[in-house]
Amino acid sequence: MFSERPLLEMSRPEAFAVAAVLVAAMGYSIISLGWLPHMAILTAIVVLLAYGLLRKVRYAGMQQRMAGAVAQGMGALYLFFFIGLLVSALMMSGAIPTLMYYGFGWISPAYFYLSAFILCSLIGIAIGSSLTTCATIGVAFIGMGEAFGANLAMTAGAVVSGAFFGDKMSPLSDTTSIAASVVGIDLFEHIRNMAYTTIPAWVITAGLLLWLLPAVGAGDLGGTAVFREQLAATGLVHAYSLLPFALLVLLAVRKVNAIVAMMATIALALALTFLHSRPDLAQLGSWFYGGFKLDGSFENISRLVSRGGIESMFFTQTIVILGLSLGGLLFALGIIPSLLEGMRRFLTNAGRATFSVAATAVGVNVLIGEQYLSILLSGETFKPVYDKLGLHPRNLSRTLEDAGTVINPLVPWSVCGVFISQVLGVPVWDYLPYAFFCYLCLILTLLFGWSGLTLSKK
């Protein structure tokens, strides 16, 4: 679809002007007006359609190109349904609550910042949401940090680093699924390839938190004990409940298709659910659609484990549809092809292509403050470039995450930055120097891009 001839031949100055106006308008609507990205993208689509009609481009042709772009992402849209089902299944079976229970038992005051980073990494992978991790476990660590006399900016940096490692590497994460789908590769293939930059960044971050930051004195671990007691009281904590995670990892290592692996994991989780509870079919249907709901008086625990369901994926699915439509329209009207033509002399090797993708993703995050758009727009723009250079699309999807997903929390006016600073009570500028993992990913992806390390050809 994106390799077809544009419906409109647009000059480079005109393409640059249209693109600049769109980016500025979307940035203003999201940052200043507080619009959701859906509204900003839909408005941009309407403006582009009107512009195309003024330039005598047939509406049917533009609609066809938008629909064709969405068709290329249908695999991701199906995948999101199964992600929603999987999260509910892992919650009701006790897999995620059990992982949290054991994780809280590993916290050590002597290694407080490292403990925060490791546990947030595990919980982030388990639930696939950086913001949920920050709003639950992160808040708990801020409270413990105050009790221990820890530096709250350093604590928040460790929490953000761990939460976004989990978000980046979890098959349940929407940004991870979007990055894989926008370039057209398997989800688990994308996650395995991200390990080349993500694991070194994680190890370096752990070392910095352990040896660079000052030690925290031993303090009262009552906060973690309360969390563990409340988790145990839910009746969801069972050692055997970790089996679905083991199966999911095994199938991923064996390169089983993501949807097939999720179906098998859901089936096992559902079987385990009936070992410790007897939900009827009506309740199961409600949980799988609207998400698992925990009844009880433990508000913090309920917020943490009441998640999932295909309904929770609608936000992501609709933004993918709109984002792909916008990308198809930008190509159809010749805007992106014209801009790429102007960059052709520069984009002659993998290093320059990696730098351009990273710069675009970071730029969208800074200008608009939206990580979804940074992935979607950068991916649609540079996929033809990677094809032309003979580079495998997984190199592009990795860079999209290294420069898109994990940079958003470092921008004070971004969606993630605003949310995290409010929920943790720590300004972005304060925790930014200590969110080591986030900018280490960007540095490593640029180094690997210029050196050619871990880059694969088609």
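Position numbers for residues count from 1 along each chain, tracking the sequence in the order it is written. A pLDDT threshold of at least 70 governs which residues receive local features in this predicted model, and a stricter bar of 80 or more applies before side-chain atom pairs are shown or counted, although totals over entire chains, interfaces and linings include all residues. Only hydrogens and water are set aside when side-chain values are computed; all heavy atoms of the structure are taken into account.

Under an unreviewed UniProt entry, the name given to the chain is Na+/H+ antiporter NhaC, and the organism recorded is Uruburuella suis. Recorded in UniProt for the chain, the comment headed Sequence similarities (unreviewed entry) runs: "Belongs to the NhaC Na(+)/H(+) (TC 2.A.35) antiporter family." The record in UniProt for the chain states the following under Subcellular location (unreviewed entry): "Cell membrane". UniProt positions are given in the numbering used here, feature names are shortened, and annotations may be inferred rather than shown by experiment.

1. Remarks on the packing of helix 8 (residues 152-169) against helix 10 (residues 187-211)
Axis lines are fitted to C-alpha atoms, over the contacting stretch for helices. Their N-to-C directions set the angle, which ranges from 0 to 180 degrees. Strands are runs of DSSP state E lasting at least 2 residues, helices are runs of H or I lasting at least 4, and numbering of each runs from the N terminus. Relative to each other, helix 8 and helix 10 sit at 165°, their axes nearing to 11 Å. One finds that helix 8 runs roughly antiparallel with respect to helix 10. Helix-helix and strand crossings are classified by hand; for helix 8 and helix 10 the assignment is left-handed. Between helix 8, through Ala 158, Ser 161, Phe 165, Lys 168 and Met 169, and helix 10, the contact on the second element is made entirely by Ile 191, Met 194, Ala 195, Thr 197, Thr 198, Ile 199, Trp 202, Thr 205 and Leu 209. Of the residues belonging to the contact of helix 8 with helix 10, the class tally is nine nonpolar, four polar and one charged. By definition in this entry, angles of less than 35 degrees are roughly parallel, angles greater than 145 are roughly antiparallel, angles of 65 to 115 are roughly perpendicular, and the rest are oblique. Each crossing gets its hand from how the near helix is turned against the far one by less than a right angle, where anticlockwise is left-handed and clockwise is right-handed. Residues count as neighbours in contact if any of their non-hydrogen atoms are within 4.5 Å of one another. Classification convention: Asp, Glu, Lys, Arg as charged; Ala, Val, Leu, Ile, Met, Phe, Trp, Tyr, Cys, Pro as nonpolar; all other residues, Gly among them, as polar.

2. Describing the pattern of salt bridges
One side chain can pair with another of opposite charge once the charged atoms of both are near each other. Salt bridges, as used here, are contacts in which a Lys or Arg side-chain nitrogen is within 4 Å of a carboxyl oxygen on Asp or Glu. Under the counting rule described, the total for this entry stands at four salt bridges. Lys 168 is the partner of Asp 402 in a salt bridge, and the nearest nitrogen-oxygen pair spans 2.6 Å. With a gap of 234 residues between them, Asp 402 in helix 20 (residues 393-405) and Lys 168 in helix 8 connect regions that are remote in the sequence. Under the scheme applied here, a residue whose accessible area is under 20% of the maximum for its type counts as buried, over 50% as exposed, and between as partly exposed, the area being computed with a 1.4 Å probe on protein chains only. Looking at Asp 402, the relative accessible area reads 0%, which means it is buried. Residue classification places Lys 168 among the buried residues on the basis of a relative accessible area of 0%. Across the pair Arg 394 and Glu 189 runs a salt bridge, and its minimum N-O distance is 2.5 Å. With Arg 394 in helix 20 and Glu 189 in helix 10, the pair connects residues that are 205 residues apart, well separated along the chain.

3. Some words on the layout of surface pockets
Computed over the protein atoms alone on a 1 Å grid, cavities are sets of points where a 1.4 Å probe fits but cannot get out and pockets are open sets with protein on both sides within 12 Å along at least five of seven lines; a residue lines them when it has an atom within 4 Å of a point. Grid points are joined across faces, edges and corners, and a volume is the space filled by probe spheres set on the points. As a volume, the largest pocket reaches approximately 750 Å³. In terms of lining, the largest pocket is formed by 35 residues, of which the most central are Ser 129, Leu 131, Asp 174, Phe 315 and Tyr 372. Contributing elements (two or more residues each) for the lining of the largest pocket: helix 1 (12-31), helix 7 (130-148), helix 9 (174-183), helix 16 (314-332), helix 19 (371-389) and helix 21 (415-424). Looking at the lining of the largest pocket element by element, the count peaks at four residues for helix 21. Class assignment for the residues of the lining of the largest pocket results in 18 nonpolar, 13 polar and four charged.

4. Points about the packing of aromatic side chains
Only rings of Phe, Tyr and Trp enter the pairing, Trp through its six-membered ring, and a pair is recorded when the two centres are within 6.5 Å. The plane angle decides the type: under 30 degrees is stacked, over 60 is edge-to-face, the rest tilted. Within the structure shown, the criterion is met by nine aromatic pairs. Each ring, one from Tyr 434 and one from Phe 436, has its centre 6.5 Å from the other, and the planes form 85°; the classification is edge-to-face. Here Tyr 434 falls in the partly exposed class, since its relative accessible area comes to 22%. When the centroid spacing of 6.4 Å and the interplanar angle of 85° are considered together, the rings of Phe 436 and Tyr 439 count as edge-to-face. In this pair, Phe 436 and Tyr 439 are both assigned in helix 23 (residues 436-451), three residues apart and thus about one turn of the helix distant. For Phe 436, a relative accessible area of 6% corresponds to the buried category. Using a relative accessible area of 25% as the deciding quantity, one classes Tyr 439 as partly exposed.

5. Quick notes on the nonpolar core
Nonpolar side chains tend toward joint burial in soluble globular proteins. To define a nonpolar core, start from buried Ala, Val, Leu, Ile, Met, Phe, Trp, Tyr and Cys residues and group those joined through side-chain atoms within 4.5 Å. Ranked by internal contacts, the top residues of the largest apolar core, which has 143 residues, are Leu 48, Phe 141, Leu 326 and Ile 335. Apart from the residues within four sequence positions on either side, Ile 335 is in contact with Met 10, Ala 15, Val 18, Ala 19, Leu 48 and Leu 330.

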